[in-house]
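Each chain, letter by letter, is given below.
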Amino acid sequence: MLKKKNIAASKASLVLFLCQMISALDVPLDLLQPPTITQQSPKDYIVDPRENIVIQCEAKGKPPPSFSWTRNGTHFDIDKDALVTMKPNSGTLVVNIMNGGRAEAYEGVYQCTARNERGAAISNNIVIRPSRSPLWTKEKLEPNHVREGDSLVLHCRPPVGLPPPIIFWMDNAFQKLPQSERVSQGLNGDLYFSNVQPEDSREDYICYARFNHTQTIQQKQPISVKVFSMDSLNDTIAANLSDTDIYGAKSVTERQPVLLTPTGSTSTKVELRGNVLLLECIAAGLPTPVIRWIKEGGELPANRTFFENFKKTLKIIDVSEADSGNYKCIARNTLGSVHHVISVTVKAAPYWITAPRNLVLSPGEDGTLICRANGNPKPNINWLANGVPIAIAPEDPSRKVDGDTIIFSHVQERSSAVYQCNASNEYGYLLANAFVNVLAEPPRILTPANKLYQVIADSPALLDCAYFGSPKPEIEWFKGVKGSILRGSEYIFHYNGTLEIPVAQKDSSGTYTCVARNELGKIQNEVQLEVKDPTMIIKQPEYKVIQRYGQVSFECIIKHDSTLLPTVTWLKDNDELPDDERFLVGKDNLTIMNVTDKDDGTYTCIVNTTLDSVSASAVLTVVARPNPPFDLELTGQLERSIELSWIPGDENNSPITNFVIEYEDGLHEPGVWHYQTEVPGTQTTVQLKLSPYVNYSFRVIAVNEIGRSQPSEASEQYLTKPASPDENPSNVQGIGSEPDNLVITWESLTGFQSNGPGLQYKVSWRQKDVDDEWTSVIVANVSKYIVSGTPTFVPYEIKVQALNDLGYAPEPSEVIGHSGEDLPMVAPGNVQVHVINSTLAKVHWDPVPLKSVRGHLQGYKVYYWKVQSLSRRSRRHVEKKILTFRGNKTFGMLPGLEPYSSYKLNVRVVNGKGEGPASPDKVFKTPEGVPSSPSFLKITNPTLDSLTLEWGSPTHPNGVLTSYILKFQPINNTHELGPLVEIRIPANESSLILKNLNYSTRYKFYFNAQTSVGSGNQITEEAVTIMDEVQPLYPRIRNVTTAAAETYANISWEYEGPEHTIFYVEYGVAGSKEDWKKEIVNGSRSFFVLKGLTPGTAYKVRVGAEGLSDFRSSEDVFETGPAMASRQVDIATQGWFIGLMCAVALLILILLIVCFIRRNKGGKYPVKEKEDAHADPEIQPMKEDDGTFGEYSDAEDHKPLKKGSRTPSDRTVKKEDSDDSLVDYGEGVNGQFNEDGSFIGQYSGKKEKEPAEGNESSEAPSPVNAMNSFV
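All values derive from a computational prediction rather than experimental measurement.

Caption draft 1: View of the overall build of the protein chain. The helix and strand tally for the protein chain stands at 7 helices and 95 strands. Every one of the 1271 residues in the protein chain was classed for burial, and the buried ones make up 42%. For the protein chain, restricting intrachain contacts to residue pairs at least 6 apart in sequence, the fraction spanning at least 24 positions comes to 66%. Carbon and sulfur atoms make up 51% of the accessible area of the protein chain, which totals about 67900 Å².

Caption draft 2: Structural detail: the side chain of S901. Structurally, the position occupied by S901 is in strand 78 (residues 901-910). S901 sits in the buried class, given a relative accessible area of 0%. Within the local environment of S901, its side chain forms a polar contact with the backbone oxygen of E898, the two atoms lying 3.4 Å apart. The residues touching S901, leaving out its near neighbours within four places in the chain, are K866, Q868, S869, L870, F924, K925 and T926.

Caption draft 3: Structural view of the sheet that holds strand 61 (residues 669-680). With antiparallel pairing, 4 strands are arranged side by side in an open sheet as 61-60-63-64. With partners counted over all chains shown, the strands left at the sheet margins are strand 61 and strand 64 (718-719), one partner each. Note that strand 63 (residues 695-704) and strand 64 share 2 bridges and pair antiparallel. Along strand 64, the bridge assignment pairs N695 with L719.

Caption draft 4: Examining the state of the cysteines more closely. Summed over the entire model, instances satisfying the criterion amount to 6 disulfides. Each sulfur of the disulfide joining C57 and C112 lies 2.0 Å from the other. Between C57 and C112, the disulfide has an S-S torsion of -70 degrees and is therefore left-handed. Pair noted here: C57 is in strand 5 (residues 57-62) and C112 is in strand 10 (residues 108-116), with a separation of 55 residues, a long-range link. Judged by its relative accessible area of 0%, C112 is buried. The disulfide bridge from C465 ends at C514, spanning 1.7 Å between sulfur atoms. Handedness here is read from the sign of the S-S torsion; for C465 and C514, about -60 degrees, the answer is left-handed. Remark: C514 occurs in strand 46 (residues 510-518) and C465 occurs in the loop between strand 41 (461-463) and strand 42 (467-470); sequence separation between them is 49 residues.

Caption draft 5: Examining the sheet that holds strand 4 (residues 53-55) more closely. Pairing in this open sheet of 3 strands is antiparallel, and the strands run 4-9-8 from one edge to the other. The outermost strands of the open sheet, each flanked by one partner alone, are strand 4 and strand 8 (84-86). This sheet shows a mean twist of 20 degrees between the axes of neighbouring strands, independent of strand direction. Where strand 4 and strand 9 (residues 93-95) come together, 3 bridges link them in antiparallel fashion. Its bridge partner lying in strand 9, I55 is registered against L93.

Caption draft 6: Quick look at the pattern of salt bridges. The final tally for this structure, using the stated rule, is 36 salt bridges. A salt bridge links E811 to K799; the nearest nitrogen and oxygen atoms lie 3.0 Å apart. Note that E811 is positioned in the loop between strand 71 (807-808) and strand 72 (815-818) and K799 in strand 70 (residues 795-804), a separation of 12 residues in sequence. By relative accessible area, which is 54% here, E811 ends up exposed. Under the relative-accessibility criterion, K799 is labelled buried at 15%. Residues participating in the shared-partner salt-bridge network are D171, R202 and D204.

Caption draft 7: Local environment of the environment of L177. Tracing the backbone shows L177 in the loop between strand 15 (166-170) and strand 16 (183-185). The class of L177 is buried, set by a relative accessible area of 8%. On a C-alpha basis, the gap between L177 and D204 in space is 9.9 Å, while along the polypeptide they are 27 residues apart. Ignoring any residue separated from it by four or fewer positions in sequence, one finds L177 in contact with W169, M170, D171, L191, R202 and Y205.

Caption draft 8: Structural detail: the environment of Y964. Within the secondary structure layout, Y964 lies in strand 82 (residues 961-971). Residue classification places Y964 among the buried residues on the basis of a relative accessible area of 2%. Along the chain, Y964 and I985 lie 21 residues apart, while their C-alpha atoms are 4.9 Å from each other.

Caption draft 9: Inspection of the packing of aromatic side chains at higher detail. By the definition in use, this model includes 25 aromatic pairs. Each ring, one from F174 and one from Y208, has its centre 6.2 Å from the other, and the planes form 45 degrees; the classification is tilted. On the criterion of sequence distance, the pair formed by F174 in the loop between strand 15 and strand 16 and Y208 in strand 18 (residues 202-211) is long-range, its members being 34 residues apart. Residue Y208 is classed as buried on the basis of its relative accessible area of 4%.

Caption draft 10: Local environment of the nonpolar core. Residues I53, I55 and W69 are the most contacted members of the largest nonpolar core, which totals 29 residues. Residue assignment for this core shows that the elements contributing at least two residues are strand 4, strand 5, strand 6 (66-71), strand 9, strand 10 and strand 12 (126-130). Looking at this core, the element that brings in the most residues is strand 10, giving 3 residues. Setting aside anything within four residues of it in sequence, one finds I55 in contact with S41, Y45, W69, G91, T92, L93, Y110, I126 and I128.

Caption draft 11: Region of interest: a negative patch on the surface. Where like charges cluster on the molecular surface, the negative patch consists of D631, E633, E643 and E716. Mapped onto the secondary structure, E643 falls in strand 59 (residues 641-647).

Caption draft 12: Main features of the pairing of strand 18. Of all 10 residues in strand 18, 7 are buried; the element is thus mostly enclosed. In terms of strand pairing, strand 15 meets strand 18 through 5 bridges, oriented antiparallel. Within the sheet, the bridge partner assigned to M170 lies in strand 18 and is I206. Turn length for the strand 18-strand 19 (residues 216-219) hairpin, with the two strands adjacent in sequence and antiparallel, is 4 residues, and the turn residue Q215 shows positive phi of about 55 degrees.

Caption draft 13: Seen up close, unusual backbone geometry. Geometrically, the link from K62 to P63 is a cis peptide bond, its omega value of 0 degrees lying close to zero. Considering the arrangement of structural elements, one finds P63 in the loop between strand 5 and strand 6. A positive phi angle, near 60 degrees, is found at F310, a position not held by glycine. Summarising the element assignment, F310 is placed in the loop between strand 26 (305-308) and strand 27 (313-316). A positive phi is found at N996, a non-glycine position, where the angle reads about 60 degrees.

Cut-offs and rules
Residues numbered from 1 in each chain as written. Predicted model: local features only at pLDDT ≥ 70, side-chain atom pairs only at ≥ 80, totals over all residues. Heavy atoms only, no water. Helix = DSSP H or I, 4+ residues; strand = E, 2+ residues; numbered from the N terminus. Buried < 20%, exposed > 50% of the residue type's maximum accessible area, 1.4 Å probe, protein only. Contact = heavy atoms within 4.5 Å. Areas by Shrake-Rupley, 256 points an atom, 1.4 Å probe, with all protein chains shown as cover. Polar contact = N/O pair within 3.5 Å; in protein donor to acceptor, adjacent residues only side chain to side chain. Pairing = 2+ DSSP bridges. Disulfide = S-S within 2.5 Å. Axes fitted to C-alpha atoms, helices over the stretch in contact; angles between N-to-C directions. Salt bridge = Lys/Arg side-chain N within 4 Å of Asp/Glu carboxyl O. Phe/Tyr/Trp six-rings, centres within 6.5 Å; stacked < 30°, edge-to-face > 60°. Core = buried A, V, L, I, M, F, W, Y, C linked by side-chain atoms within 4.5 Å. Patch = residues over 30% accessible without salt bridge, like charges linked within 9 Å, V, L, I, M, F, W, Y side chains within 5 Å. Lys, Arg positive; Asp, Glu negative; His and termini not counted. Charge placed at Lys NZ, Arg CZ, Asp CG, Glu CD.

Structure below.
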């Protein structure tokens, strides 16, 4: 909401212009002129009798006028009254009442005359009256005894004062008596009661009259009112009557409206034009009548009509003759209505149509004085000359009186005089002075030279050229000093010489020249005009809805002329902002912190400059959770239902959407509230269902979009009668905890559900499918009963019935339970294994008889484990894996097997008690698979035309290696690949020299291993042949190694190439597509520490050399250590740790000596003991040629691993292609069964110390290994 006030500024300029027009003929005070009255006291002048009387009369003229006074129509000689003085150079009288005078002695009608040689001006008739505040007359006031429901009028009748006093009613404590539609004060000061109530009884109804002129308050004697009700009156009379007497007094009866004021059906009212019209209607009746106003044959005037005193008073301001007519007030209640018609006539004291104005003429000119006035009745017009009726004034041949006009012809200097026009009727008069001044004067320009005017673009510009001259000068305007005369519709030339530019633009700025000329001379003046850009609010405050205690901000961003200094003011509801530190006024905004309900309202941003003003407003609505409901009431109480009603609290600007009803059971759960129901926000009553034997209390919570209100106060309590239970316990179950018992459990009824005292349960059971009678027992309010001596896992029919002191609940439904389970007795038979591929096998078995399960059949568990690898024989700890298959399933899939390995498995049945015996172990073997990638590939000894390749065999051959495949191709300087060459290498080779290569050429190598099944994953490497035998053309960075810690890693490498090379290390998260991070290595070092790494993260790293074709090494991968709970001190540098290590080393040395001695004596060392203990049948006998144990003879176990590589610890099984459904897979120990028996878990590992093949080293312990194991 944006308001612009440029127009208001323009209107102010126009008002100034009109004032200048009126004063355009003002004669400069240095020229001869008749007197002009400039200040006088009001016509009806009421004075304070305790203070001096000052009667004002000021005038101007040349020569200065002299003053005289009349009193009551005769000359008032002030020299004869010592108490009366006239101020120097003034006509103002001062009556010194404070020195013993009496104001009453100076009552009368006073008139002032100001006179000089050119005429005489007179003032209005000033009526002087002292104010009066008389005391109340003494009167004896009888108490008012009134019946409840009747009307009552307490009369004030204040003393007549001057001016009339202001009336109000208060009590003895000086507190205003409350007023309402029922009780209110009339225009005459009386206090009206439409109907009295018992609370109106009091003894201190006091009417006060305040006289403002004397600043005094008069008090009437207190009035007593005693209201008696019919009920109390009946009780009093009945106490004095016999039982046979009949008293028929009725209680308070309702009554139709009756007007207390005005009386009758019609009345009249006369009001003067321009005054305030007040019409009043006050009615009696029960219920209290409501007043309505209409105007017969028309509408009440808009914008001027107001209703006061609870619509009992109709107020119309600034009345005119058009407001005359009949006004009807209608008083209505439920029993009927009454009306009264007031006929209003608007009269008018005289008012000006054209008041006479001063006339300045040059000798020989003509002119007129016009005096036109109107009124009701039409006023009489009378002319005076120099204060004397014109009929008896000295003759002047140049004037002629024609009714309301005086015509002057060929005036001469002696024609100068002051003329008075008097317009009067029965309601008042108007008196105006206007002089005729005959002068001969050359032009004068009264506006200051070079005056600067500043206006806003697109608004009017008013340039003054106040002038005087006689004859009247002609005015012309020019733009610029030598510009042409201004003419046309874009300019307005006013009578007082002002130039108006209705719509000033930026190019309107400049110098304007005003020229005034008459027959006696010519004069000119220059003024300056500057047109400024308007001030605008380009970002206005917007409507905001904010929750209570939140923060809100209103923006007000402005744009203004750079030469104007704006000031921004914020208002709240058109008033100043509260003096509160929560309101923060910024440069472009207003922020309110911790908003409260009282911050609700309209906020206005006002931007003021010296030339214009703009404003914009926005409304802030503060919303909050509703206030809690109140006045909860219970009605319609029945055994199983009740009606609850309430009154909603304030919704806090967010409509209530629903009400939540809660109840408290004071008998069983005091202090705990439960949800009962909820109803829409428009509903304030609800019928509630009740349960027996509950001591209810209710409360209501209101809900709106903001949230829930606080709960209401609790209702009164209501205790329902007890009854037998309506329901039985739920969730009845029968599950044995031991093989020979049945545990019956249920969920007990709550106290609320018990319906009465003495809650118990009747527990019944019998064996299913056996012709047995029910066995029953009644137990206390518990939730479990144990039946002992039952057969193992047989079905039972069970039921539990509730009862209390008043009877049984309805017959309960039966449930089936079972007595306790025992472990299965039989293992699955006919276990068969079908190997599908190198990583997947399918196992079959026959189901066990259901009777042997001795419980609920949950499924079968398959235990399987790897015995050894067929490609190499080595020992390791057995890791058993378990798959569970739900229900009576007889087959399953074994995923994640290792190729070319020997496995064992067995199958066990599972019930709720546990697992049965295992089937005999079944041995199966997996076929060969493709190998893993070679463990490493190194390229060494570069020459002009050859490179040497070295590699390590695959970590997991997954079969018998048949060969290696080497592919390589050259790479040119633009990184384009050349032809690919492939070489097959026997499986028993571990190195190769490539010859006949191009010199100074980069090659890329691809290397992988093969079994009879196929090729494995390949590894890649790059290398360069040298340019000559002395210096290779390109640098070479090889053998990049990493040593990683928790948050850092040491990177080292070998470099061959030119000296003074700048190295850099690039790294990133392995598998990430993010750009490589780059670190520059200081100097020519061949190591670098990467810091700030994330613990437990795999990183890729490579090393490069700048300035040499940006050569880089191959990538390496490493993983940082896991995060520690807290950073530990490096104990390797601690003295105690060094001492401990020395002691450990000494102890190990002693142990080694002991072992050496025992061996010489034929004793067994630990590895031998372990071998003897397990007695693995697959352990091969010692070879005669080298004296080593067959199971440790695999040469692959002793090949070095690639640096930085890690073997996964979770033994992740890669998924292989298979046609089998997941339904055939089992689940882990902690897995869950699907209803269709499908596998939904992962197999879980279980380690047992059984012989198995693995990758762990099995060599004899050395001192170093022993120490590592110890640490």
